[in-house]
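Coordinates in review
What follows is the residue order along each chain.
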Amino acid sequence: MLQGHGLLAEEMSASPLLLGYILIILFLLGTVMGSFLCCFAGRFIAHESVLKGRSHCDFCGHVLGAGDLVPIISYLALKGRCRYCGHRISPRCLATELLMGMLFDVGLLRYGLSFGLLRYLVLVCILLALSLIDIDSYLIPDRFHIAAIVNWAVCLPLIALEKGGKTGFYEALRSEAAASLLTGAVTAAIMLLVSLLFDRITGKESMGGGDIKLYFVSGLYLAGWSAYLCVVLSCVIGLITAGLMKKKKIPFGPSIAAALVLCLLSGNSIVNWYLGFF
């Protein structure tokens, strides 16, 4: 069921065909973005420009044609191998395309056609890019934190206008900004203190500066108890990931990113359910 209250929310709820059409369009857009961001992350790690040069096989260097670049379909049709050299293509490409398609659709069901959806979609793209880079380099470049903050700041007045209308715009803007900035600062400060304490006790680095900054970003977007739920979920996801990978050190950015997306989609519902016991 459509939960959002944005543009055409009532029309989409009343018309399954319209909703289905928009879901298909968003899924396709998500797969395209997933394919692009997978390429972007690979080129970023290799210090190559994503704006220059055509897509090519990372192994034989052959330039890829249009038929090789159709999200999901090309991978399945070629059975996960390069058309020209036969080398196996990482299943990460297929996974990111499918994931982004699904996240775009779930975002529509959560936010409707609204500025909240726009903010969510841009953030999800940023989170995927930094996660892919963190997995390979154990680093989260500052430009991704900045991009996420700019996205929040640009969409903030639009969402405030959507919520408060013209009469309640300034009050909605002030309260949203204050709550978000306070939650972001408190979340980042707490995690920084916990990290420093853990490092001192164990003599090992627990979290990098990029992770702390990402917690600040999570506070901006969640604001309130959902931000602290994000902290708990990210730790749980991180522990599960470490157990599955059987490594003592893992990139933590993807765990925070996954927890942030989960909380954006259903954080309030989980918090309200939990608080209902008290």
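Residues numbered from 1 in each chain as written. Predicted model: local features only at pLDDT ≥ 70, side-chain atom pairs only at ≥ 80, totals over all residues. Heavy atoms only, no water.

Attention now goes to the side chain of Ser180. On the secondary structure map, Ser180 appears in helix H7 (residues 169-202). For Ser180, a relative accessible area of 2% translates into the label buried. Within the structure, the side chain of Ser180 is placed 2.9 Å from the backbone oxygen of Glu176, a separation counted as a polar contact. A distance of 3.0 Å separates a polar atom in the side chain of Ser180 from the backbone oxygen of Leu220. When near neighbours in sequence (up to four residues on either side) are disregarded, Ser180 contacts Trp152, Gly219, Leu220 and Ala223. (Helix = DSSP H or I, 4+ residues; strand = E, 2+ residues; numbered from the N terminus. Buried < 20%, exposed > 50% of the residue type's maximum accessible area, 1.4 Å probe, protein only. Polar contact = N/O pair within 3.5 Å; in protein donor to acceptor, adjacent residues only side chain to side chain. Contact = heavy atoms within 4.5 Å.)

What follows is about the environment of Ile24. Of note, Ile24 is situated in helix H2 (residues 16-45). For Ile24, a relative accessible area of 51% puts it in the exposed group. Note: C-alpha distance between Ile24 and Asp105 (81 residues apart in sequence) is 8.0 Å.

Judged by nonpolar contacts, the single largest core of 55 residues is most densely connected at Tyr120, Leu127, Tyr221, Leu260 and Leu264. Counting residues per element, the ones that place at least two in this core are H2, helix H4 (92-111), helix H5 (115-137), helix H6 (142-164), H7, helix H8 (209-222), helix H9 (225-245) and helix H10 (253-275). With 13 residues, the top contributor of residues to this core is H5. Not counting residues up to four positions away in its chain, the partners in contact with Leu127 are Leu214, Ala257, Leu260 and Val261. (Core = buried A, V, L, I, M, F, W, Y, C linked by side-chain atoms within 4.5 Å.)

Bringing the packing of aromatic side chains into the picture now. In total, this model carries 10 aromatic pairs according to the counting rule given. Chaining the aromatic ring pairs together yields one cluster made of Phe36, Phe40, Phe44 and Phe144. Over the ring of Tyr111 we find Arg110, and its NZ or CZ is 4.6 Å from the ring centre. (Phe/Tyr/Trp six-rings, centres within 6.5 Å; stacked < 30°, edge-to-face > 60°. Lys NZ or Arg CZ within 6 Å of the ring centre and 35° of its normal.)

For the rest of this paragraph, the subject is the pattern of salt bridges. Per the counting criterion, the structure on display carries five salt bridges. Among the salt bridges present, the one from Lys213 reaches Asp142, with a minimum N-O distance of 2.7 Å. With Lys213 in helix H8 and Asp142 in helix H6, this residue pair connects regions lying 71 residues apart in the sequence. Owing to a relative accessible area of 36%, Lys213 belongs among the partly exposed residues under this scheme. Taking relative accessible area as the criterion, Asp142 reaches 40% and is therefore assigned partly exposed. Measuring nitrogen to oxygen at the nearest pair gives 2.8 Å for the salt bridge that ties Glu176 to Lys163. Here Glu176, found in helix H7, pairs with Lys163, found in helix H6; they are 13 residues apart in sequence, far enough to count as distant. For Glu176, a relative accessible area of 24% translates into the label partly exposed. (Salt bridge = Lys/Arg side-chain N within 4 Å of Asp/Glu carboxyl O.)

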